Amino acid sequence: MDELSQVFAALADPTRRDMVTRLAAGDATANQLAEPYRMSLQAVYKHLKVLEKAGVVSRPPGPQPRSVRLEAEVFVAVVPRRGVVVRQLSEGDVAELYDVREALEVLACRRAAERAGKTGLNRLERILDQIRKAVQASDLRAAGAANEAFHDQIIALARNKLLASMLEPLQGRLHWLFRQHDNPAELYREHQQLYEAIASGDPDRAAQQALEHVRVNRELALRLLFGGAPEQPSAG
């Protein structure tokens, strides 16, 4: 896995993103990083090991307790209201990610509409409700985590092992894309429409809804990350 892919994979977890946000304000010990969470120090060290392996943080030698330091400023930045973003991606990199997301997500939604059973749809609906509750509570972290889970569940509903294996090395980058949104209420509405299309059992409707969802979010992400108003692709 290349260095940038390791960074994406490390930042795919919301707890690790929170830790990076905390470290952007200054060095901290593992005990200090553990304070907001109901987890053991051993669990915190596991998260730190992943971040260290990706080169995002380091723990310089010294007396105990050792401080943890953010080292990946070349890769990551903490932006108000958007959290952790990756510095090194160009506009072309993000556009290419959306090209891949469009192709794979449209296929996944089409197959999910064809193959999803009642149990899987119930799971997708529960995740949708988690997004709704998080939006109502203005809990952006929970909304982001539920958003990622929603898209992961669609892949599971597609029941296509090759598709899932193609997505696996991109998962960290795609999860990062899912967080590039500044209107959680609108995001919930889009997911509600996507759920209804999949639940209808109409693969063409699900594919079209997925296409619209990805293209709207492509334009939004490019605007948020790079400014300006990119030309919206035709829906043809």
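Model, not experiment: these values are computed from the prediction.

Some details on the sheet that holds strand β1 (residues 28-29)
Right, so step 1: Pairing within the open sheet is antiparallel, and its three strands lie in the order β1-β3-β2. Each having just a single partner strand, β1 and β2 (57-58) make up the two edges of the open sheet.
Right, so step 2: Of the strands in this sheet, β1, β2 and β3 (67-70) are in contact with helix α2 (residues 14-23), which crosses β3 at around 90 degrees.

Quick word on the pairing of β3
Right, so step 1: On β3, burial follows the alternation: V68 and L70 on one face are buried, whereas S67 and R69 on the facing-out side are not.
Right, so step 2: Where β1 and β3 come together, two bridges link them in antiparallel fashion. Bridge pairing links T29 to S67 in β3.
Right, so step 3: Of the strand pairs in this sheet, β2 and β3 are connected by two bridges, and their pairing is antiparallel. For S58, the partnering residue across the bridge sits in β3 and is R69.

Section: the confidence of the model for the chain
Right, so step 1: Of the residues in the chain, 87% reach a pLDDT of 70 or more, and the chain-wide mean stands at 84.
Right, so step 2: The low-confidence segment residues 229-236, where pLDDT is below 50, has nine contacts with residues more than four positions distant or belonging to other chains.

Remarks on the packing of helix α5 (residues 91-115) against helix α9 (residues 171-178)
Right, so step 1: Remark: α5 packs on α9, axes separated minimally by 11 Å, with the N-to-C direction vectors making an angle of 100 degrees. Taken together, the axes of α5 and α9 are roughly perpendicular relative to one another. Contact with α5, carried on its side by V94, L97, Y98, R101 and E105, involves R173, L174, W176, L177 and F178 of α9 and no other residues of that element.
Right, so step 2: The residue makeup of the contact of α5 with α9, split by class, is seven nonpolar, no polar and three charged.

How each quantity is defined
Residues numbered from 1 in each chain as written. Predicted model: local features only at pLDDT ≥ 70, side-chain atom pairs only at ≥ 80, totals over all residues. Heavy atoms only, no water. Pairing = 2+ DSSP bridges. Helix = DSSP H or I, 4+ residues; strand = E, 2+ residues; numbered from the N terminus. Contact = heavy atoms within 4.5 Å. Axes fitted to C-alpha atoms, helices over the stretch in contact; angles between N-to-C directions. Buried < 20%, exposed > 50% of the residue type's maximum accessible area, 1.4 Å probe, protein only. pLDDT = per-residue confidence, 0-100. Parallel < 35°, antiparallel > 145°, perpendicular 65-115°, else oblique. Nonpolar A, V, L, I, M, F, W, Y, C, P; charged D, E, K, R; others polar.

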